[in-house]
Amino acid sequence: MSEEIRIVYIEGDGVGPEITPVMMAVLNAAVQKAYGNGVELVFEEALAGLKAEKLTGESLPEATLERIREVGLAIKGPLMTPVGKGKRSLNVALRQNLDLYVCQRPVRHFKGVPSPVLEPDKVDMVVFRENTEDIYAGIEWPCGSPEVEKVIRFLCDEMGVDRIRFPQTSAIGVKPVSSEGSKRLIRAAIDYAISEGRKVVTLVHKGNIMKFTEGGFRSWGYELARQEYGAYDKEGRTFIPAAGGDILLDDCICDAFLQNILLRPQDYSVVATLNLNGDYISDALAAQVGGIGIAPGANINYESGAAIFEATHGVAPDIAGRDIANPLSLVLSGEMLLRYKGLDKAADLVVTAVERTLEDGILTADLYKLAKGQRHVRLVGTKAFGQALLDRL
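Residues numbered from 1 in each chain as written. Predicted model: local features only at pLDDT ≥ 70, side-chain atom pairs only at ≥ 80, totals over all residues. Heavy atoms only, no water.

The name given to the chain in an unreviewed UniProt entry is isocitrate dehydrogenase (NADP(+)), with Candidatus Aphodenecus pullistercoris as the source organism. Its UniProt record, at the heading Sequence similarities (unreviewed entry), says of the chain: "Belongs to the isocitrate and isopropylmalate dehydrogenases family." Under the Subunit (unreviewed entry) heading, UniProt states for the chain: "Homodimer." (UniProt positions renumbered as here; feature names shortened; annotations may be inferred.)

Relative to each other, helix α1 (residues 16-35) and helix α13 (residues 382-392) sit at 10°, their axes nearing to 10 Å. Considering their axes alone, α1 and α13 lie roughly parallel with respect to each other. Touching Glu18, Ile19, Val22, Ala25, Val26 and Ala29 of α1 are Thr382, Gly386, Leu389 and Leu390, all from α13. Within the contact of α1 with α13, the residues separate by chemical class into seven nonpolar, two polar and one charged. (Axes fitted to C-alpha atoms, helices over the stretch in contact; angles between N-to-C directions. Helix = DSSP H or I, 4+ residues; strand = E, 2+ residues; numbered from the N terminus. Parallel < 35°, antiparallel > 145°, perpendicular 65-115°, else oblique. Contact = heavy atoms within 4.5 Å. Nonpolar A, V, L, I, M, F, W, Y, C, P; charged D, E, K, R; others polar.)

With that settled, consider unusual backbone geometry. Outside of glycine, negative phi angles account for most residues, and trans bonds account for most peptide bonds. The residue aspartate 134 is not glycine, and still its phi comes out positive at about 65°. Counting through the fold element by element, aspartate 134 comes out in the loop between β5 (124-130) and β6 (140-141). On the accessibility criterion, aspartate 134 (0% relative accessible area) is buried. One non-glycine residue, alanine 316, lies in the positive phi region at around 50°. By secondary structure assignment, the location of alanine 316 is in the loop between β14 (307-311) and α10 (328-340). Taking the relative accessible area as the measure of exposure, alanine 316 reaches 23% and is therefore partly exposed. (Buried < 20%, exposed > 50% of the residue type's maximum accessible area, 1.4 Å probe, protein only.)

Our next topic: the sheet that holds strand β13 (residues 296-300). Here 12 strands make up an open sheet; going across it, the order is β2-β1-β3-β14-β13-β4-β5-β12-β8-β11-β10-β9 and the pairing mixed. Two strands lie at the open edges of the sheet, namely β2 (39-45) and β9 (232-234), each paired on one side alone. Ignoring strand direction, the axes of neighbouring strands in this sheet form an average angle of 30°. Examined bridge by bridge, strand β3 (residues 73-76) and β14 share four bridges and lie parallel to one another. Looking at the pairing, leucine 73 lines up with alanine 307 of β14. Of the strands in this sheet, β4 (102-108), β5, β8 (200-205) and β12 (270-273) touch helix α9 (residues 275-288), which is tilted by about 155° from β5. (Pairing = 2+ DSSP bridges.)

Encoded structure:
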């Protein structure tokens, strides 16, 4: 009897229906090659996004949330998010409803991928982005609404706030950051560094300006390290004892960090940060190694074990249906899923197939544009790129 691993999948909007089949084919082939009939991936579809709205009248049916809770493992394509109006982000809704408090984004360069920087191979980081708090909590009120007027009156009259420059024309948002939410995120980052033998954990924040929220994140990180990991100070630096060699715990202001990842990316390994910072940082790092089209991601609750792996890019409506989308973000997120389930042999096969395909100069349109006419590269579509991966498995 083979071991069945059930995976809920959400096809996604835009390019989702094109990249999702490639991901499933590659994962199935890798598992078959690695384990024969000993392991079987069983994919079952759940609805979200435009497809769900068309079939059920809801963009995120409760049945989808319930099934992901039951199975505990899902992978999804990109979902449409309106800008400035309309419904809230479905990606954020999934993370908050399922309390997937870690957004984990590994960023590394693959040989053969064109990059706008000279030494992209120096980038090898794993970003741990807090996923449920910060301004992504969605606590805000529009300009001119009765609610925002009430909030502004309370802030000015009851709390003595005198720094709202234009109270009559302001929208207001709230930024919740808790010690509990911060510590569980930083704990996951430290545990990862210990288990993977990484030597630096950096807390990235804007605590010089937001002293009690982002500054709190920084302080709670050092407090956690001392209380739970026995961290100690040496020559003005903080270290966490670990069997494979002590780990440096450091921190960096976010704007300086965005400069440093261009100037000396080799100084950073595991990054723990808040929600908005993590959004910016992970996309900036992805640009250094070839773009968000090859950037994988996972949303994980390390306490319950629930996880959703996802394409980190948007729905790309301008190229949807044209067989030119890059499937690697979702394929590499699938590789993360395999590793999360302990299927390291299959995950290694996926990585090797990706490396060989890219080294052979087989590129989708997004990467081909960056190659700037290099002779060894060949432009292929989504399906052909998927077949190239399968050929190299």
